[in-house]
Amino acid sequence: MANPQHTRNRILDAGERLFFNEGIATTGVDRVASEAQVAIVTLYKHFGSKDNLLREVLSRRLQTWTQHWDEALSAVESPQERLLTVFDAIQTFRDSTGATQWCCFLATASERPAPEEGTSDSIFVLIDQDTHQVQTRLEDLAREARCADPVAMASMLLLLYNGVLSSLLRGAPSDPITRARRTAQLVLDSSTGSA
């Protein structure tokens, strides 16, 4: 008898691969079920709908991303180095999760219509949660690093972070993570007077 958690993980893995390499809108549940080697009824039994599957894929990605950033933070003590760990975490996250075209949250936001005013969308809640986490962590870390303007520093690093994710989609410039980290170091040195 198949292990339900193993089956669930196979479906999540297949959904993640297909949604973020071939596109969410173009990937039907029949394709995900086939890739996961399960019946469509099994997919629906575990997730109920394509939207629920997408939500669970994103939830898992957010949890994994957070773990990578937490590990990167715990590996360094210097407040300035801790601020730059966002770039280290991108690298270890991508190395461990396998390549997708770019950020799964940006891909989802670009494909999915924003919810109408006054309505809620659980998938957009996760997108907002991801954005909020990155922004507030960067602000907190910029305060710890004694940046002259922590909010401005966090905004600049968020721009670099978004640039890395977009560069991964474009394929240029090469090695965007290393380049963004070096640029962030220059900005940080300027803000803290370490230059």
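Refer to the structure printed above.
These remarks concern the structure in this document. Residue indices follow the written sequence of each chain, beginning from 1 at its first position. Note on the predicted model: pLDDT of at least 70 is required for a residue's local features to be given, and 80 or more for side-chain atom pairs to be given and counted; whole-chain, interface and lining totals, by contrast, use all residues. Based on all heavy atoms of the structure, the side-chain values leave hydrogens and waters out of the count.

### Observations regarding the overall build of the protein chain
Scanning the protein chain from N- to C-terminus turns up 9 helices and 0 strands. Helices (α) and strands (β) of the protein chain occur, in sequence order from the N terminus, as α-α-α-α-α-α-α-α-α. Counting only C-alpha atoms and orienting by the principal axes, one finds that the protein chain spans roughly 60 × 40 × 30 Å. When a residue's accessible area, from a 1.4 Å probe over protein chains only, is under 20% of the maximum for its type it is buried; when over 50% it is exposed; and in between it is partly exposed. Within the protein chain, the proportion of its 195 residues that are buried is 39%. Residues are treated as being in contact if the distance between any of their heavy atoms lies within 4.5 Å. Within the protein chain, contacts between residues separated by at least 24 positions form 67% of all contacts whose residues are at least 6 apart in sequence. When charges are tallied, Lys and Arg are placed among the positive residues and Asp and Glu among the negative ones, while His and the ends of the chain are skipped. Every charge is mapped onto a representative atom, which is NZ of Lys, CZ of Arg, CG of Asp or CD of Glu. Distance from the positive charge centre (19 side chains) to the negative charge centre (25 side chains) of the protein chain: 5 Å. Strands here mean DSSP runs of E at least two residues long; helices mean DSSP runs of H or I at least four residues long; both are numbered from the N terminus.

### Notes on helix α6 (residues 104-111)
Residues Cys104, Phe105, Ala107 and Thr108 constitute the buried set of α6. Seen from one end, α6 has its buried residues packed into an arc of 160 degrees, which puts them on one side. On its buried face, α6 sits against α1 (4-22), α4 (50-74) and α7 (122-144). The arc in question is traced by the directions running from the helix axis to the C-beta atoms.

### Considering the pattern of salt bridges
The term salt bridge refers to a pairing of a side-chain nitrogen on Lys or Arg with a carboxyl oxygen on Asp or Glu at a separation within 4 Å. Applying the stated criterion to the full structure yields 15 salt bridges. The salt bridge partner of Asp51 is Arg112, with a shortest N-O separation of 3.0 Å. Residue Asp51 is located in helix α4, and its partner Arg112 is located in the loop between α6 and α7; the two are separated by 61 residues in the primary sequence. We classify Asp51 as partly exposed; its relative accessible area is 38%. The buried category is assigned to Arg112, whose relative accessible area is 19%. Among the salt bridges present, the one from Asp140 reaches Arg143, with a minimum N-O distance of 3.3 Å.

### Looking at helix α9 (residues 176-192)
Any helix carries an expected span of 1.5 Å times its number of residues minus one. Along its 17 residues, α9 runs 24 Å from first to last C-alpha, staying within 8% of the 24 Å computed at 1.5 Å per residue. Considered for burial, the residues of α9 that qualify are Pro176, Ile177, Ala180, Ala184, Leu188 and Asp189. On its buried face, α9 sits against α5 (79-97) and α8 (150-170).

### A word on the nonpolar core
Here the nonpolar core consists of buried residues drawn from Ala, Val, Leu, Ile, Met, Phe, Trp, Tyr and Cys, with membership extended through side-chain atoms lying within 4.5 Å. If you look at the biggest cluster of nonpolar residues, it comprises 56 residues, and the most contacted ones within it are Phe20, Leu53, Trp65, Trp69, Leu83, Phe87 and Leu138. No other element matches α4, which puts 9 residues into this core. For Leu53, the residues in contact, after removing those within four places along its chain, are Ile11, Leu12, Phe19, Val32, Leu43 and Phe47.

### Notes on the packing of α4 against α7
The contact between α4 and α7 brings their axes to 9 Å, and the two run at 15 degrees. Looking at the two axes, α4 sits roughly parallel to α7. The element α4 and its partner α7 pack so that their crossing is left-handed. In contact with Asp51, Leu54, Arg55, Leu58, Ser59, Leu62, Trp65, Thr66, Trp69, Asp70 and Leu73 of α4, α7 contributes Ser122, Ile123, Leu126, Gln129, Asp130, Gln133, Val134, Arg137, Leu138 and Leu141. Classes in brief: Ala, Val, Leu, Ile, Met, Phe, Trp, Tyr, Cys and Pro nonpolar; Asp, Glu, Lys and Arg charged; the others, Gly included, polar. A per-class count over the contact of α4 with α7 returns 11 nonpolar, 5 polar and 5 charged. Lines fitted to the C-alpha atoms define the axes, with helices restricted to the stretch that makes contact. Angles between their N-to-C directions range from 0 to 180 degrees. Convention used here: angles under 35 degrees read as roughly parallel, angles over 145 as roughly antiparallel, angles from 65 to 115 as roughly perpendicular, and any remaining angle as oblique. In this scheme the handedness of a crossing depends on how the near helix is turned from the far one: anticlockwise by less than a right angle means left-handed, clockwise means right-handed.

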